[in-house]
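Examining the three-dimensional arrangement
Take a look at the letters that make up each chain.
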Amino acid sequence: MKKQLLLLAVLASMVGVGCSSKTNTATPPVETTTTTAVDPGTPGGGGTDGGLSDGGGDTVDFVPVSFSIFNSYVGTHPINSPKNIKISVNLTEVDSTLKYAGSVKISYEDNGQTFTGTFESSADNNQNISGLKDNDVPESTYNYWFAKDGKTVFTGIFQDALGSVVLVIDKTVDQGDGQGTGYVSGSVYFKNFAQSQATQSPYRKCWFIYAGPYDCRSTEVMQKTSLTLGTGEGYRKLGTFTGMSKVNAFNL
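Our subject in this report is the structure included herewith. All of these numbers come straight from a predicted model, not from anything done at the bench.

Thoughts on the pairing of strand E9 (residues 182-192)
With 9 of 11 residues buried, E9 lies mostly within the body of the structure. Pairing between strand E8 (residues 163-174) and E9: 11 bridges, direction antiparallel. Bridge pairing in E9 links Lys171 to Ser185. Examined bridge by bridge, E9 and strand E10 (residues 236-245) share 7 bridges and lie antiparallel to one another. Paired with Tyr189 across the two strands is Lys237, which belongs to E10.

Description of the packing of aromatic side chains
Within this structure, the stated rule accounts for 14 aromatic pairs. Judged by centre distance (5.7 Å) and plane angle (85 degrees), the ring pair of Tyr73 and Phe190 falls under edge-to-face. Taken together, the residues span a long stretch of sequence, with Tyr73 in helix H2 (residues 67-74) and Phe190 in strand E9 at a distance of 117 residues. Per residue, the accessibility class of Tyr73 equals that of Phe190, and both read buried. Arranged with centres 5.5 Å apart and planes meeting at 55 degrees, the rings of Trp145 and Phe154 form a pair that is tilted. We classify Trp145 as buried; its relative accessible area is 0%.

Definitions and cut-offs
Residues numbered from 1 in each chain as written. Predicted model: local features only at pLDDT ≥ 70, side-chain atom pairs only at ≥ 80, totals over all residues. Heavy atoms only, no water. Buried < 20%, exposed > 50% of the residue type's maximum accessible area, 1.4 Å probe, protein only. Helix = DSSP H or I, 4+ residues; strand = E, 2+ residues; numbered from the N terminus. Pairing = 2+ DSSP bridges. Phe/Tyr/Trp six-rings, centres within 6.5 Å; stacked < 30°, edge-to-face > 60°.

In structure tokens, the structure reads:
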């Protein structure tokens, strides 16, 4: 009996062993969802229109919701009269998983200079680090095409050093070739990180951080419940785009 009590005490002390004070440590596991990733229905081949990207991707005009919203997105400096605003999407399927990694870039010209924000999700898995959650989970785990309201749509989340964006594709104009090729349109939502003295984790993208200034999680993206992000998690609609080549943007 004494041995049993001693064993229970040891187990209880092990349960109490926690993570460090980093904001991304004391976390629940990644949410599960019944939404299934689907094939976007395009042939192999891939495009070479780099635009803002090298070695793939497609670039089209980007229309901000408003000047004030775009100024909030820029954040680091006031803008004067931005023009030639573009979005470039350069994504590639990760190892036949139907999940997509790569970059979303937003560029503009202002005061004689060109500025580009590059938001990324890599094709790698999270590093396996003792004390951290989501070990070995793919960074691209939330970036995929899925069926909603009778359409094949896409949402994905990407990060740079200052914040995150969510890419939403809600419409595809089929070219009628039977291959599913065509042009896509959609929108971008953004969330800037709050100013903080806390150090940003080099081991996890912001969608794997559950609290603090570097948390960029979105229920709508993770659970694929909506193509419109609510403001409750800090995201705002940045703007829209049309006429992007699906084959080039997704390197299909």
